[in-house]
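A structural walkthrough
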Amino acid sequence: MADKQLRNIPYTRPSITETEVAYATDAARNGWGDHCYDYIIRFEEVFKAHLDVKYAIATSSCTGALHMGMHALGIGPGDEVIMADTNWVATAAPIVHLGATPVFVDILQDSWCLDPQQVEAAITSNTKAIVAVHLYGNLCDMDALLKIGERHGIPVIEDAAEAIGSVYHGKRAGSMGSFGAFSFHGTKTMTTGEGGIFVTNQPDLYERVLTLSNHGRSRAQGKQFWPDLVGYKYKMSNVQAAIGCGQIQRIDCLIEAKRNIFLMYYECFKDLPVRMNPEPEGCTNGFWMPTLVVEDDIPFERDVLISELKQNGVDARVFFWPLSATPVQGRKAFNRRFISENIYLRALNLPSFHDLTDSDILFVSDIVRNAIARTH
Ligand SMILES: *Cc1c(COP(=O)(O)O)cnc(C)c1O
């Protein structure tokens, strides 16, 4: 038991090597004056190549990328944007800031992503966009969502903050919608400390976001310090981009580490009455965060298990709350009971930083197994 007390297992932590340190050091030492955008330009280029998209704009956060992209799509007061009720608030905040209303629909039992049927039923004459959030790396049903978007003339946005490494029938998450947004926050699969990126294949949308991202200064504008419109300041710094260049160089191994961790948890839990992140035929899950949902008919106290893990030095996290139950100014699309209102009480996220050892995974798994075995 002495071993137990010694463990300190965070739920996430970046994987930083000498490569990132060397690039960041170079940016801090030399990345000024004429070189102040060098790493930013390079980072955008390599990220575009990784994702196979035409345009990218590095940003200070995913939230900022979403905000500018939604603004560029013309989302504003009186508009509605459909998204899943189970979500991180960052997806909803830009909608609210633009004066529009997030309309929450229910999630699917298996992917925990928005239910396409509910999306279509929630469309009104005010609907301006659908946001597909690939939750915990799990892919949304993009075929169905893109078809709905096409049928109704509504853009589908991809919030792929949690889905680097996830591939939908040969296409990377974030590359399929009108635009995609990624996060490089310190908890994500790859990091720049804080940071994000806007990606798209649409030249006109790219131009609009480029202008918005530069305080509204169009790149065709000849006058210095002349704003063509009121824009934003959500830029990534050169030093952050330098770290990003190191991370993207190692992206395959960062994703593989996440996948291996998930697969080991999955093996440990395969005879338990639980569901974990799915990986449907033809898809690859980046498995950003291994998540466990205990079946409905099994008695389960999420908070008891989380505190038991904490007592053993293990930091597990709660599943996302239904945003409709929080102070976010949105509304539920339908007046009925949602899966999102129940699932978070039966679920938790397990530690998954890249350097987590097999022994740590077995240690965490034993505590979880024992807790669930006690109740059934
Ligand atoms: C992390 C996250 C964001 C926000 O990313 P930031 O870079 O912190 O703005 C947005 N959406 C989802 C789904 C996230 O997980």
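This one's a predicted model, so the numbers in the text were calculated from it and none came from an experiment. Once a new chain begins, its residue numbering starts again from 1 and follows that chain's sequence as written. It should be noted that, the model being predicted, local features are given only for residues of pLDDT at least 70 and side-chain atom pairs only at 80 or more, the latter also being counted only at that level, while totals for whole chains, interfaces and linings use all residues. Just so you know, side-chain values use all the structure's heavy atoms and leave hydrogens and water out.

Ring pairs are drawn from Phe, Tyr and Trp, using the six-membered ring of Trp, whenever the two centres fall within 6.5 Å, and their geometry is named by plane angle: stacked under 30 degrees, edge-to-face over 60, tilted for the rest. Within the structure shown, the criterion is met by 18 aromatic pairs. Between Phe47 and Phe182, the aromatic rings sit 5.1 Å apart at their centres with planes inclined by 75 degrees, giving edge-to-face as the arrangement. Note that Phe47 is positioned in helix α3 (residues 38-51) and Phe182 in strand β8 (residues 179-183), a separation of 135 residues in sequence. Here Phe47 matches Phe182 in class, with each residue buried. A ring pair is formed by Trp88 and Phe320, whose centres lie 6.2 Å apart and whose planes are at 25 degrees; its orientation type is stacked. Here Phe320 lies in the loop between β13 (317-318) and β14 (331-332) and Trp88 lies in the loop between β2 (80-84) and α5 (89-97), a separation of 232 residues in the sequence. Helix and strand definitions here come from DSSP, where helices need a minimum of 4 consecutive H or I residues and strands a minimum of 2 consecutive E residues; each element is numbered from the N-terminal end. For every residue, the accessible area (1.4 Å probe, protein chains only) is compared with the maximum for its type, and the residue is labelled buried under 20%, exposed over 50%, or partly exposed between those bounds.

Now for the nonpolar core. What is meant by a nonpolar core is a set of buried Ala, Val, Leu, Ile, Met, Phe, Trp, Tyr and Cys residues, joined one to another through side-chain atoms within 4.5 Å. Counting residues in hydrophobic clusters, the biggest one holds 92 residues, and the most contacted among them are Phe43 and Phe47. The element that contributes the greatest number of residues to this core is helix α4 (residues 62-72), accounting for 6 residues. In contact with Phe43, other than residues within four places in its own chain, are Ala58, Phe184, Met190, Ile197, Met236, Ala241, Gly244, Cys245 and Ile248. Of all hydrophobic cores here, the second largest spans 30 residues; its members include Tyr265, Val294, Leu305 and Leu309. Two residues form a contact once any of their heavy atoms are found within 4.5 Å.

In the vicinity of the ligand, 13 residues are found, and the nearest of them are Thr63, Asp159, Glu162, Ser183 and Lys188. Distance and chemistry together define a polar contact, namely a pair of N or O atoms within 3.5 Å, with one atom able to donate a hydrogen and the other to accept it when in protein, and with adjacent residues in sequence counting only for side-chain atoms on both sides. With respect to the ligand, the side chain of Thr63 contributes an N or O atom lying 2.5 Å from an oxygen atom. Contact distances for the ligand include 2.4 Å between an oxygen atom and a side-chain N or O atom of Glu162. Only the protein chains shown count as covering a residue, and every accessible area follows the Shrake-Rupley method with a 1.4 Å probe. Compared with its free state, where it exposes 390 Å², the ligand has 92% of that area covered by protein. Using a grid of 1 Å spacing that covers the protein atoms alone, one calls a set of points a cavity when a 1.4 Å probe fits there but cannot get out, and a pocket when the set is open and has protein on both sides within 12 Å along at least five of seven lines; lining residues are those with an atom within 4 Å of a point. The way we define it, a molecule is inside a pocket or cavity when more than half of its atoms are within 2 Å of that pocket's grid points. More than half of the atoms of the ligand fall within 2 Å of the grid points belonging to the largest pocket. For the shell around the ligand, the secondary-structure elements that each account for two or more residues are α4 and α5. Note on residue categories: nonpolar means Ala, Val, Leu, Ile, Met, Phe, Trp, Tyr, Cys or Pro, charged means Asp, Glu, Lys or Arg, and polar means any other residue, Gly included. Tallied by class, residues from the shell around the ligand come to 5 nonpolar, 5 polar and 3 charged. We call a residue near a molecule or strand whenever a single non-hydrogen atom of that residue lies within 4 Å of it.

A few words on helix α2 (residues 18-30). The span expected for a helix works out to 1.5 Å for each residue beyond the first. Compared with an ideal rise of 1.5 Å per residue, which puts 13 residues at 18 Å, α2 spans 18 Å between its outermost C-alpha atoms and is within 8% of the ideal. Along α2, the residues classified as buried are Glu20, Tyr23, Ala24 and Ala27. Considered in projection along α2, the buried side chains sweep an arc of 95 degrees and stay on one side of the axis. Away from its buried face by more than 90 degrees, α2 exposes Glu18 and Arg29. Here, the arc refers to the directions that run from the helix axis to the C-beta atoms.

Turning next to unusual backbone geometry. A positive phi angle is found at Asp52, which is not glycine, with a value near 65 degrees. Along the chain, the position of Asp52 falls in the loop between α3 and β1 (55-59). Residue classification places Asp52 among the exposed positions, given a relative accessible area of 66%. With phi around 65 degrees, Trp112 is a residue other than glycine that occupies positive phi space. In this structure Trp112 comes out as buried when scored by relative accessible area, which is 0%.

UniProt positions are given in the numbering used here, feature names are shortened, and annotations may be inferred rather than shown by experiment. The positions UniProt marks with the feature "active site" (unreviewed entry) are Lys188. With respect to the element layout, Lys188 can be found in the loop between β8 and β9 (196-200). What makes Lys188 buried here is its relative accessible area of 12%. In this structure, Lys188 is in contact with Ala161, Glu162, Ser183 and Trp288, ignoring residues within four places of it in sequence.

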